[in-house]
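Given next are the chains, with one letter for each unit.
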Amino acid sequence: MLQVITASTAWALGFWIKAKRKGFDFVPHSPFGLVKMNKINVSLLSLNVLGFFGLAAIFYSFLLNKSLQLIYLSMILTLIMYLILYLSYKKDRSDE
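Overview of the structure. (Residues numbered from 1 in each chain as written. Predicted model: local features only at pLDDT ≥ 70, side-chain atom pairs only at ≥ 80, totals over all residues. Heavy atoms only, no water.)

1. Digging into the overall build of the protein chain
Moving on, step 1. Along its length, the protein chain carries three helices and zero strands.
Moving on, step 2. Counting from the amino terminus, helix and strand elements in the protein chain follow one another as α-α-α.
Moving on, step 3. Taken along the three principal axes of its C-alpha coordinates, the protein chain extends 45 × 40 × 20 Å.
Moving on, step 4. Out of the 96 residues belonging to the protein chain, those deemed buried represent 18%.
Moving on, step 5. About 8,600 Å² of surface is accessible on the protein chain, with carbon and sulfur atoms providing 71% of the total.
Moving on, step 6. Placing the 10 positive and 4 negative side-chain charges of the protein chain at their respective mean positions leaves the two points 8 Å apart. (Helix = DSSP H or I, 4+ residues; strand = E, 2+ residues; numbered from the N terminus. Buried < 20%, exposed > 50% of the residue type's maximum accessible area, 1.4 Å probe, protein only. Areas by Shrake-Rupley, 256 points an atom, 1.4 Å probe, with all protein chains shown as cover. Lys, Arg positive; Asp, Glu negative; His and termini not counted. Charge placed at Lys NZ, Arg CZ, Asp CG, Glu CD.)

In structure tokens:
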């Protein structure tokens with residue numbers, strides 16, 4: 001039942017994002033368009049890599065049963081997610 005609720009919520013959220021035209025659209029206009037590696041692109045890439053390693057550290061801490069470290073890592077990942085969203089919004093609204 002929980003899986004049905006989660007899938008329905010994700011589908012409804014996706015439909016709402018598409019209907020309201022929300023989200024980020026900073027992809028090239030052509031499939032063969034080149035993406036310049038400017039400061040924001042490098043920052044987004046590095047934050048994604050940090051998030052991956054943070055998530056791996058959370059799984060490792062969970063295996064070792066270190067609950068205090070899990071709390072700290074969760075707070076760090078929340079900060080990384082906020083920074084990714086902030087930079088994505090900034091990039092989407094820029095004129096580049």
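Back to the text.
2. Some thoughts on the side chain of S61
Moving on, step 1. Of note, S61 is situated in helix α2 (residues 39-64).
Moving on, step 2. Discounting residues that sit within four places of it in the chain, S61 has contacts with K66, Q69, L70 and L73. (Contact = heavy atoms within 4.5 Å.)

3. Focus: unusual backbone geometry
Moving on, step 1. Non-glycine residue N65 carries a positive phi angle of around 60°.
Moving on, step 2. Within the secondary structure, N65 sits in the loop between α2 and α3 (67-93).
Moving on, step 3. Owing to a relative accessible area of 68%, N65 belongs among the exposed residues under this scheme.

4. Considering the environment of L77
Moving on, step 1. The residue L77 is located in helix α3 in this model.
Moving on, step 2. Spatially, the C-alpha atoms of L77 and F53 are 9.7 Å apart, while their sequence positions differ by 24 residues.
Moving on, step 3. Every residue in contact with L77, bar those within four places of it in the chain, is listed here: G51, G54, L55 and I58.

5. Quick look at the nonpolar core
Moving on, step 1. Among the nonpolar cores identified, the biggest contains 10 residues, and these are I40, L44, L47, I58, L70, L73, L77, I80, I84 and L87.
Moving on, step 2. For this core, the secondary structure elements donating two or more residues are α2 and α3.
Moving on, step 3. The greatest single-element share of this core, amounting to six residues, is contributed by α3.
Moving on, step 4. Residues contacting I58, with those up to four places away along its chain left out, are L70, L73, S74 and L77. (Core = buried A, V, L, I, M, F, W, Y, C linked by side-chain atoms within 4.5 Å.)

6. Focus on the packing of aromatic side chains
Moving on, step 1. Per the counting criterion, the structure on display carries two aromatic pairs.
Moving on, step 2. Geometrically, the ring pair formed by W11 and F15 is stacked, given 5.7 Å between the ring centres and 10° between the ring planes. Note that W11 and F15 are positioned in helix α1 (residues 2-20) at a spacing of four residues, about one turn of the helix. Just as W11 is exposed, F15 falls in that class too. (Phe/Tyr/Trp six-rings, centres within 6.5 Å; stacked < 30°, edge-to-face > 60°.)

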